[in-house]
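# An overview of the molecular structure
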Amino acid sequence: MNGDLVTKIISKQESLKSFRTPWENLWQDCAEYVNPNRGDFSTLRYRGDTNRYEKIFDTTAPLANENLASGLHSFLTSPSQRWFVLKTFDDQLNRELPVKTWLDTVTNILYDRVFNIPETNFNSQAHELYLDLGSFGTAVMMVQDNPGSGITFRTFHLADCYIQENDKGFVDTLYRKYKRTGRQLLERFGEAVPEKIIKISQKDPYREFEVIHAVEPSETYGEPLKKPTKKAFKSCYILLEEKTLLEEGGFDEFPYMVPRWSKVAGEIYGRSPSMTSLPDIKMVNSMMKTIIKSAQKLTDPPLLVPDDGFILPVRTVPGGLNFYRSGTQDRIEPLETKGRPDIGFDLLQNRREHIRAAFHVDWMQLPDQKNNPNMTATEVVARQEEKMRLMGPMIGRLQVEFLGPLINRVFSIMSRKKMLPDPPAIIQGEEMKIVYTSPLARAQKSSQLMTITRLFESMAPLYQAKPELLDNMNTDETFRFFHHLLDAPAKILNTEEEVEQTRQERQEQQEAMMQAEQAKMESEAGKNVADANKANREGQVG
């Protein structure tokens, strides 16, 4: 039975590999020109091979990819600020103090115990994922729940991974083929490792063996299964050397996050900024190579040497002595090529700008105040947010294929391990939703804020002439809507009951002050009447 399952998995992996083959030459080009540390698609190189950089003569594309990855990490999953909060789908429930407190507590636990601690390795692995997205258009991260060490994140090289979608267009099948030494296999799988592999490892401890990790929906496995599982996804580890099943298990959620930068209809693997600008990238490197050769000819030109009269070899080093026959007029002279390496710089700079634009480098930079010295701080922020809104399609895809599944899996793992407090009874069974609060997410919502702001600015003259126009506006709801759009912390906002109580207390204080003032005025009026009556009586007596 196990043999049938192993054979079936190996056959599926080969099918997925043949399906992926047409992409590999394109990925190899993107690796060699944009991300040389991630090679080995159609060209295999030794680890640490310096020839990975042999095609790069201009670093515009690698630096642009680095800037894109850093920008996505800072503006999408920043380690220094909150980039998501949890809510229910019922806004009325979200305003209830017990619900709001529980949601804030759970969100804080996810940050403090998972996303913002070094042990989980999230920040470094997220940066690697963004580098792969910019390079290849498809990236792979696994959320692992390791017994004893908790949740960890790991980004895998696309060269090792083979994917397939379901009918809804979401990746739900991933086969990963990788290598491990015998010692690593023993540490991971223990007694399941065949005795033959153990003996080979004792003689050659650094020899590596190929392993396949197959994860796909349980129903697609069919029969036979050694251990039928109630998990949504089936997981198997296969040792190719011996065609042995090392481990069989399952996952409640798909453990791999496979975001695509953009995707063409009918394709499974994503398209990247590198692919969009690949013709420009190749042109820039070719131009730079030519310019370098031209500059070398000018600074170290070829020499014209007479065929007779000089004692070879010709020494071109500084201070070198060259001997020639006495009495001859022949000289060693440079060959003037009249090259103009500067001519290509204008075209080179133009192509560089196209590459940077393809990687969206400009949207991460503040507007140039040198050319706009009168620009206000508000205008600078508005322009930067406008640039961020242009990233809407890509950010939407990342939220659906990366951030959403990522947070859901972490939340589910921690719920099953009882690491989260029990929810209030009022939301028992309620589904949670993720509200993104990163700078990029806020920029996508800022247009609503600008619309309301323009309304206030346009109506200001009318409000001054007719203040009663403000009666048309629910100012409390307007304030809370602004608080929601700006994703301000929930703890700074009072509940509606607290607001009502504060207003009631203020009204009572004002009424008490008015009564005291009225009593004072009545007392003074009474005193004045008494004084007047007294004065009248004294006048009559006199």
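Attention in this report is confined to the structure presented alongside it. Being a predicted model, the structure only gives us computed values, none of them experimental. (Residues numbered from 1 in each chain as written. Predicted model: local features only at pLDDT ≥ 70, side-chain atom pairs only at ≥ 80, totals over all residues. Heavy atoms only, no water.)

Let us now look at the overall build of the protein chain. Along the protein chain, the regular secondary structure elements total 15 helices and 12 strands. Burial analysis of the protein chain (542 residues in total) assigns 40% to the buried set. Sequence separation of at least 24 residues holds for 70% of the intrachain contacts in the protein chain that already meet a minimum separation of 6. For the protein chain, the accessible area works out to roughly 31400 Å², and carbon and sulfur atoms hold 52% of it. (Helix = DSSP H or I, 4+ residues; strand = E, 2+ residues; numbered from the N terminus. Buried < 20%, exposed > 50% of the residue type's maximum accessible area, 1.4 Å probe, protein only. Contact = heavy atoms within 4.5 Å. Areas by Shrake-Rupley, 256 points an atom, 1.4 Å probe, with all protein chains shown as cover.)

A few words now on the packing of helix 9 (residues 278-299) against helix 10 (residues 343-358). Interhelical geometry of helix 9 versus helix 10 gives an angle of 150° and a closest axis separation of 10 Å. Compared by their axis directions, helix 9 and helix 10 come out roughly antiparallel. The element helix 9 and its partner helix 10 pack so that their crossing is left-handed. Across the interface between the two elements, Asp280, Ile281, Met283, Val284, Met287, Met288 and Ile291 of helix 9 pack against Gly344, Phe345, Leu347, Leu348, Arg351, Arg352, His354 and Ile355 of helix 10. (Axes fitted to C-alpha atoms, helices over the stretch in contact; angles between N-to-C directions. Parallel < 35°, antiparallel > 145°, perpendicular 65-115°, else oblique. Left-handed = near helix turned anticlockwise from the far one by under 90°.)

Glancing now at the sheet that holds strand 4 (residues 161-165). If you walk across this open sheet you meet the 5 strands as 4-5-6-7-8, and the pairing is antiparallel. Both outer strands of the open sheet, strand 4 and strand 8 (244-251), are each paired with one neighbouring strand and no more. Neighbour to neighbour, the strand axes of the sheet diverge by 15° on average, direction disregarded. Pairing between strand 5 (residues 171-181) and strand 6 (residues 208-217): 8 bridges, direction antiparallel. Of the residues in strand 6, the one forming a bridge with Lys177 is Ile212. Along the sheet face, helix 6 (residues 182-189) touches strand 5, strand 6, strand 7 (233-239) and strand 8 and points at about 130° away from the line of strand 5. (Pairing = 2+ DSSP bridges.)

What follows covers the sheet that holds strand 9 (residues 256-257). Two modes of strand pairing occur in sheets, parallel and antiparallel, and in both the strands are linked by backbone hydrogen bonds. As summarised here, the arrangement of the 3 strands in space is 3-2-9, forming an open sheet in which the pairing is antiparallel. Each of the sheet's edge strands pairs with one partner strand only, and the pair in question is strand 3 (150-156) and strand 9. Contacts from helix 5 (residues 122-136) reach strand 2 (140-146) and strand 3 within the one sheet, and its direction differs from that of strand 3 by about 25°.

Further remarks concern helix 6. Side chains that are three or four residues apart share a direction in an α-helix, a result of its 3.6 residues per turn. Of the residues making up helix 6, those classed as buried are Gly182, Leu185 and Phe189. Seen end-on, helix 6 carries its buried residues on one side only, within an arc spanning 60°. Every exposed residue of helix 6 that faces more than 90 degrees away from the buried side is listed here: Arg183 and Glu187. Here the buried face of helix 6 lies against strand 5, helix 7 (195-203), strand 6, strand 7 and strand 8. Looking one or two residues past helix 6, Gly190 carries a phi angle of roughly 60°, positive in sign. (Arc of directions from axis to C-beta.)

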